[in-house]
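# Observations on the model geometry
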Amino acid sequence: MSRALLIQLARLGDLVQSLPVLTSLHSVHPEQALDLLCPSPLVSLGELFPCVDRVYPWKGEKWHELATTKKTNCDQRLVQAKRYLSECAFPTYSLAYNLNNHPRGILAAHLLSDRVVGPGENGPLKPTLPAWAGYLRQIAQDRGKNRVHLTDAFCGLCQVLPPSDIPYLKAPEVQLPLELERIVNGQSSMIVGIVLGAGDADRRIPLSVWQDLIVACAERIPQCYLFIIGGEGEREAALALEHNLPAKYVNRVVNGCGRTSLPQLVGILNRCRWVVGSDTGPLHLGAMCGARVIGWYFSRARVHETGPYGIGHYVWQHESGQPRESRDDHGARTERSSSDHWPIMETVNLMREEQVDSIKAEWDLWTSHRDEWGAFYTRDDKPDEAVLRRKDTWAALSQLTNRDFQMEISR
Amino acid sequence: MCFLGNHQETNKVSVLKQNVSLLRRQNQALAAQILQVPGGTLAIQPAKSGMPTALVNSRYIHSAMILFREAERWAEQRIKDCQTGETIVVLGVGLLYHVQALRQKLSQDHVIMVVVPDLSEFADCVSARSLEGWGERVMWVAGSIVDMVARVIQQAKRVRILSYEPAVMVHHDTYEHFTLQLRDRLAQQLSGTLHIMVVGPIYGGSLPVARYVVNALEALGHRVSWVDHSPHEAGYRNLETIRDTRLRLTVQQRLSDTLGVISLAHVAEDPPDLVLALSQAPLSMAVLEQMRRKKVLTAMWFVENFRHLTYWQQMVTGYDFWFVMQQESCLDAFRKAGASHVSYLPLAADPAIHQPMTLTPQERYEFGAEVGFLGAGYRNRRQILPSLVGHGWTFKLWGNEWDNPGALVTVLQRGGARIDTPTSVKIFNATSININLHSYTGEGFDPEGDGVNPRTFELASCGAFQVVDARTLLPALFDESMMAVIKRPDELLSSVQTFLHEPARRLAMAESSRKRVLEAHTYEHRMKTLLGAVGLACPDRLGAILQGERHGESLISRSGACPELIPMLQQFPSTDRVELVDVAKTIRQKGPEAKLNREELLILMMDEYRQEKRDFL
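All of these numbers come straight from a predicted model, not from anything done at the bench.

### Here's the deal with the overall build of chain A
Within chain A, the secondary structure is distributed over 20 helices and 14 strands. Relative to the 2.2 N^0.38 estimate, which gives 22 Å for 411 residues, the radius of gyration of chain A is 22 Å and therefore close to what a compact globule would have. Overall, chain A is about 60 × 55 × 40 Å in size when its C-alpha atoms are taken along their principal axes. Counting all 411 residues of chain A, 60% fall into the buried class. Taking as baseline every contact in chain A between residues at least 6 positions apart, the subset at least 24 positions apart corresponds to 64%. A distance of 3 Å separates the average location of the 45 positive side-chain charges in chain A from that of its 48 negative side-chain charges.

### Some words on the overall build of chain B
Helix and strand content of chain B: 26 helices and 18 strands. For chain B, the spread of C-alpha atoms along the principal axes amounts to about 85 × 75 × 50 Å. Sequence-distant contacts in chain B: of pairs separated by 6 or more residues, those separated by 24 or more amount to 66%. Here chain B contributes 65 positively and 66 negatively charged side chains, and the mean placements of these two sets differ by 2 Å.

### Notes on the packing of aromatic side chains
Residues and elements named next belong to chain A. A complete count under the given rule lists 30 aromatic pairs over all chains for this structure. For the pair W210 and W296, a centre-to-centre distance of 5.6 Å together with 20 degrees between the ring planes defines the contact as stacked. Placement of the pair is W210 in helix α10 (residues 207-220) and W296 in strand β10 (residues 292-297), with a sequence separation of 86 residues. On the basis of relative accessible area, W210 is assigned to the buried category, the value being 0%.

### So, the side chain of S299(A)
All names here are of chain A. Among the structural elements, S299 can be located in the loop between β10 and α15 (303-306). Side-chain polar atoms of S299 contact the side chain of D202, separated by 2.8 Å. Aside from chain neighbours lying at most four places away, what touches S299 is D202, R203, G321 and Q322.

### Quick look at the domain arrangement of chain B
Its domain assignment divides chain B into domain 1 (9-188), domain 2 (221-339), domain 3 (361-521) and domain 4 (550-617). Using C-alpha coordinates to define each centre, domain 1 of chain B is positioned 40 Å away from domain 2 of chain B.

### Some thoughts on the interface of chain B and chain A
As a measure of interface size, the accessible area lost when the parts come together is often cited. Counting residues at the interface gives 40 residues for chain B, matched by 29 residues for chain A. Three residues, M605(B), M606(B) and Y609(B), lead the burial of chain B against chain A; their summed loss comes to 21% of the area buried on that side. Run the count over chain B and chain A and you get 4 salt bridges. Across the pair E564(B) and K82(A) runs a salt bridge, and its minimum N-O distance is 3.2 Å. At the surface where chain B touches chain A, the tally comes to 8 residue pairs in polar contact (both at pLDDT 80 or more). For the side of chain B that touches chain A, the elements supplying multiple residues, two or more each, are α22 (539-546), α25 (580-588) and α26 (598-610) of chain B. The element contributing the most residues to the side of chain B that touches chain A is α26(B), with 11 residues.

### Section: the packing of α10(A) against helix α17 (residues 344-351) of chain A
All names here are of chain A. One can describe the packing of α10 onto α17 by two numbers: an axis separation of 9 Å at closest approach and a directional angle of 40 degrees. Classed by the angle they form, the pair α10 and α17 counts as oblique. Seen along the crossing, α10 lies across α17 with a hand that is right-handed. Judged by residue contacts, V209, D212, L213, A216, C217 and R220 of α10 engage I344, M345, T347, V348, N349 and M351 from α17.

Conventions we followed
Residues numbered from 1 in each chain as written. Chains lettered and ligands numbered in written order. Predicted model: local features only at pLDDT ≥ 70, side-chain atom pairs only at ≥ 80, totals over all residues. Heavy atoms only, no water. Helix = DSSP H or I, 4+ residues; strand = E, 2+ residues; numbered from the N terminus. Rg over C-alpha atoms; globule rule 2.2 N^0.38 Å. Buried < 20%, exposed > 50% of the residue type's maximum accessible area, 1.4 Å probe, protein only. Contact = heavy atoms within 4.5 Å. Lys, Arg positive; Asp, Glu negative; His and termini not counted. Charge placed at Lys NZ, Arg CZ, Asp CG, Glu CD. Phe/Tyr/Trp six-rings, centres within 6.5 Å; stacked < 30°, edge-to-face > 60°. Polar contact = N/O pair within 3.5 Å; in protein donor to acceptor, adjacent residues only side chain to side chain. Domains from an automatic or database assignment. Buried area = accessible area lost by both parts, 1.4 Å probe. Salt bridge = Lys/Arg side-chain N within 4 Å of Asp/Glu carboxyl O. Axes fitted to C-alpha atoms, helices over the stretch in contact; angles between N-to-C directions. Parallel < 35°, antiparallel > 145°, perpendicular 65-115°, else oblique. Left-handed = near helix turned anticlockwise from the far one by under 90°.

Here you go:
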């Protein structure tokens, strides 16, 4: 049995958005075992992906140590690197799919397989990008009227079409911490996930905005509980948020920051009906766990490229990039009139399945859909011309790849 | 393991005989000498376990309770740092429990040399404890310090010194001389080159020293990155317009902190093997701690009087190495404050700058004088120098901080303006008798005057004659055939009177002083010494590089475990230092069509991670 490897060395959000391409690859090449190489902290999540055979950790800190330890000559470094790689016990791969257009991904692909698909497929030192990688780079640079979602572009990179059905992550059988278990699994009420943090500071939503949203949810959605999602780094912010809430709402909030592993988080997100947040890894994970997602996209986040993948999600896209309000020392904005500048009540209305005006101050509301070319977002449910052009984009980019893929596209 | 359980004379003789026989196989002379010395340095007595322990001056050298466990612990802690290819030189003899433990725990590839500074102590030891089973795998080094150093140099390329402190204390001075001589001998053999980042001050007396250090290191072939903060002087001084003292000090501190972070950014961009700071360099403890976290070695050459400038007390644990211009009391103070490595390193001169020169008539007219002094207006100088005014000779006073000069007003030049280095060299060359009085904020000469100022070396390097006040460390640097040394202020006038009429003697003395500078007191000499000390303390890091172990040819000769690297290394000149970054660069130069093998890919991968700097600042 031949064996292929998919390499995704980027962050949580990118790994989550790699699930569809893994699903497609598995369905197109069912005879081929498919492994995943991802950053070591994300391995436990990769192990939940249904179509992946084995998950291998990429330990960046180990490579950094090998490269920077002061006591070794370059010959000793090389010996140690070879030893480390053999300790990793990678099998022989007939093919490596690389999703990362940076040297580490390209080099890892060539180290582990003679044949590479994706960035670096023409050689580890060749700057020429494959068609889909070039397309993604161009989109990142000029932000043109792109409508091919990143998740689907990953499929294009690997020369497969988006999967016919959207893959979801099921709740694994993991025990939650007792105090979370009671709240998450013990009640039939609606749980709303609040994704507090963001990897990049400019994508963080101010605490005052979260506070207003929580109050609005608690007041307007009876029986709802708000589960705060975040890592160790968000613990302090979550405590501050709890501290600032009016006392009567405190028992409606569950602080899960830094208290769950990734499999536990998947379990909790499977119980959430809605997840709200900026363009972050846990938001995408929520979508892949079957929750409906409402994203607040600002700064560099763009709905058409990285909106939550699937059907029935919403994204409030800020038109100028950065919502108003100044920041305090902790990166939180200080003004209290959040509702003037953020679509707080409108978000609550969406969760209440009420009619919402698609324009709010500087925000536009987009809704997700999906067809054979992947996911797309529309305003007022009307696909625009750019959405319709996706087929041409697929055809044009696929002409530059192998014949089987071209036939698949034309069919 | 054989061990003398009681102290009966017969047993003692038998153990001694056995040990001498063992030593004879390795070092006949030492074995013979052992039988000649009376012993008696160590007081041997049984420990609680019955095994012998030793005391000197009523102080135990080994535990009275757990001899072996204590020795094992000592050895275990030290072997963690020992690397393949190093020769271990043990200082401290006592009853050698520590050496026995070290020999048993350390791989047989390591050569262990034990320095024996005193045969009497060694005789006591070999009469009390058997060396059988381990002593034959130890090299015993005895004799004069010069001989012992030569023996170590002959045997070892890379030396790691391990000190057993309780026994070192018995012959502390001998061991210290041994270490200094070993350092200097090893420094003479250095062939490897380092990347050294020199961090200078914003302004002040150590700024020119930073420049000389940069020149010297470059002349020695090292790659030097100079983080020059002097362009920020105008901005820093401009803050003096803030009248509120607290505000002013706060913003000055903030600016200084920012310059420290800028230094850190330079380190992150191009990581050096060593950061060498000069006194007043704006590196805060936070910056130094971050450098330590990032495994960057740091050294400070503190070219100030430690009694006058005391900020070193707050910084002492921040630097890995301290070099100071004063001895004993200064070294003690730094050690007590927590310095892990502190060494004496006197100032020097840069002969490319401080040199004899032919002056134009116009320069001779402007700068020339029979007697001259260049320096700032410290209290002792204001008190002593007026005695030279109003005699039959020309006297010129140069330098700044001479407000209200009193009797000196008639001799003060350029209105007390600051004199730059090129002008100072002309003044030294144009003056028959250069007065060199060390600064002191009291009256007369500093009663604790020990360290020698840079002016002494600079005048000597210019071939200029000087009358200098006595310093306790001066005789080790220059003798009285090279300069006139006065012990009291009232000797100044008579000394000038004497030498003014002896031009030939002045010329001869000045020439000898210049010769001495060129032989032993240039900044290149100092940098060799400094790097020798750092290399000796870090044999596996800087020591190995300085010994040339990262030269292309050396790497090729040791590439047995990785033969794939040899063709890559062969592309470099054999005596060039080759690092991962260099190999990676040649791989990338192969061009876009190149097919890379596994080893080349691994090197590129490590090079990608080498460039990672995200958590540096």
